[in-house]
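This is what each chain is made of:
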Amino acid sequence: MKQEEYKTLGILAVIFGAGALLSSRIPIINSLAFLLGFVALILGVIGIGLNLQNQKTLAMIGSSFGLISIIIVLISQLLFTPIFADFIRGYRSSSNYLMEEPTNEDWPNSTIDEYEEEKEIFTWTQEQFDALVEGDTSDSGKGGSNYKDIIRKHGIPDSETDSVMGDYEIKRITYLSISSDPKTVVLTFVKQENGQFLLIHKFAVGLDRKEQSDSGVKV
């Protein structure tokens, strides 16, 4: 028969793990949740080691809470942080744009009517997004869709950022549609030795599988 477990570490692991799990979905605070989850995981593992011949229910529960909270924090950070940053930059630029009415003085080589005709429509559909090929991340994005081909087909993006990650130069572009049904496409590219940028990651929200017929205006 197994003896009763030594509960101190197990209880601490459950407390830290529960706190981490509850705060792992809350923006900003989830950075603290990662630390709490890590502490809970360590305490739980130690508790399991000390109770090899005994019951270890609390230690297992605490370590499970810690591991789950760490996974949730990592997923939320990887997926939503760059998208949120791009969205804020695009939203700010769109707000400034919408608050100012264009005049002929602002567009010396065209009239306001010509400007209205030149406004671009959000052109992305789910089929077009699905057709994009993500390159091999272990081989500098080889085989991925070309940045220039995408720009040529869908126009200049609403925001574009460049960064350096290790030995690689990264480019991230965002297309936004502000309408009653907002749509977003975020694409990440890596620079090749020949100077081209190839797609390594894609993300989209709100796309339709039919031709775009709404009046969502790119900003």
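Residues numbered from 1 in each chain as written. Predicted model: local features only at pLDDT ≥ 70, side-chain atom pairs only at ≥ 80, totals over all residues. Heavy atoms only, no water.

Points about unusual backbone geometry
For Ser140, which is not a glycine, the phi torsion comes out positive at approximately 60 degrees. Within the element layout of this structure, Ser140 appears in the loop between α5 (126-131) and α6 (147-154). (Helix = DSSP H or I, 4+ residues; strand = E, 2+ residues; numbered from the N terminus.)

Notes on the pattern of salt bridges
Under the defined criterion, the tally for this structure stands at four salt bridges. Notably, a salt bridge pairs Arg152 with Asp149, separated by 2.8 Å at the nearest N-O pair. One end of the pair is Arg152 and the other is Asp149, both in helix α6 and three residues apart, which spans about a single turn. What makes Asp149 partly exposed here is its relative accessible area of 43%. Notably, a salt bridge pairs Glu160 with Lys171, separated by 3.0 Å at the nearest N-O pair. On the criterion of sequence distance, the pair formed by Glu160 in strand β1 (residues 159-165) and Lys171 in strand β2 (residues 168-177) is long-range, its members being eleven residues apart. What makes Glu160 partly exposed here is its relative accessible area of 37%. Assessed through its relative accessible area of 7%, Lys171 is described here as buried. Salt bridges sharing partners connect three or more residues here, namely Glu160, Asp162 and Lys171. (Salt bridge = Lys/Arg side-chain N within 4 Å of Asp/Glu carboxyl O. Buried < 20%, exposed > 50% of the residue type's maximum accessible area, 1.4 Å probe, protein only.)

Topic: the pairing of β1
As paired strands, β1 and β2 are joined by seven bridges and run antiparallel to one another. Among the inter-strand pairings, Asp162 is bridged to a residue of β2, identified as Lys171. Following β1, the chain reverses through two residues before pairing antiparallel with β2; Gly166 in that reversal takes a positive phi of roughly 65 degrees. (Pairing = 2+ DSSP bridges.)

Remarks on the sheet that holds strand β4 (residues 197-205)
The sheet built from four strands is open, its strands ordered β1-β2-β3-β4 with antiparallel pairing. Each having just a single partner strand, β1 and β4 make up the two edges of the open sheet. The average angle at which neighbouring strand axes cross in this sheet is 20 degrees, direction not considered. Contacts between α6 and the sheet are confined to β1, β2, β3 (183-191) and β4, with β2 contributing the most and set at about 15 degrees to the helix. (Axes fitted to C-alpha atoms, helices over the stretch in contact; angles between N-to-C directions. Contact = heavy atoms within 4.5 Å.)

Things to note about the packing of aromatic side chains
For the structure shown, the criterion picks out three aromatic pairs. Between the aromatic rings of Tyr147 and Phe189, the centroid separation amounts to 5.4 Å while the plane-to-plane angle is 85 degrees, which identifies the pairing as edge-to-face. Of the two residues, Tyr147 sits in helix α6 while Phe189 sits in strand β3, which places them 42 residues apart along the sequence. Among the residues examined, Tyr147 registers a relative accessible area of 15% and is labelled buried. Residues Tyr147 and Phe197 carry aromatic rings whose centres are separated by 6.2 Å and whose planes lie at 65 degrees to one another, so their mutual orientation is edge-to-face. Of the two residues, Tyr147 is situated in helix α6 and Phe197 in strand β4; the sequence distance between them amounts to 50 residues. Summarising the burial analysis for this pair, Tyr147 and Phe197 share the class buried. Through successive ring pairs, a cluster of aromatic residues spans Tyr147, Phe189 and Phe197. Between the NZ or CZ atom of Lys171 and the centre of the ring of Tyr147, over which it lies, the distance is 5.3 Å. Against the face of Phe197 rests Lys171, its NZ or CZ located 4.7 Å from the ring centre. (Phe/Tyr/Trp six-rings, centres within 6.5 Å; stacked < 30°, edge-to-face > 60°. Lys NZ or Arg CZ within 6 Å of the ring centre and 35° of its normal.)

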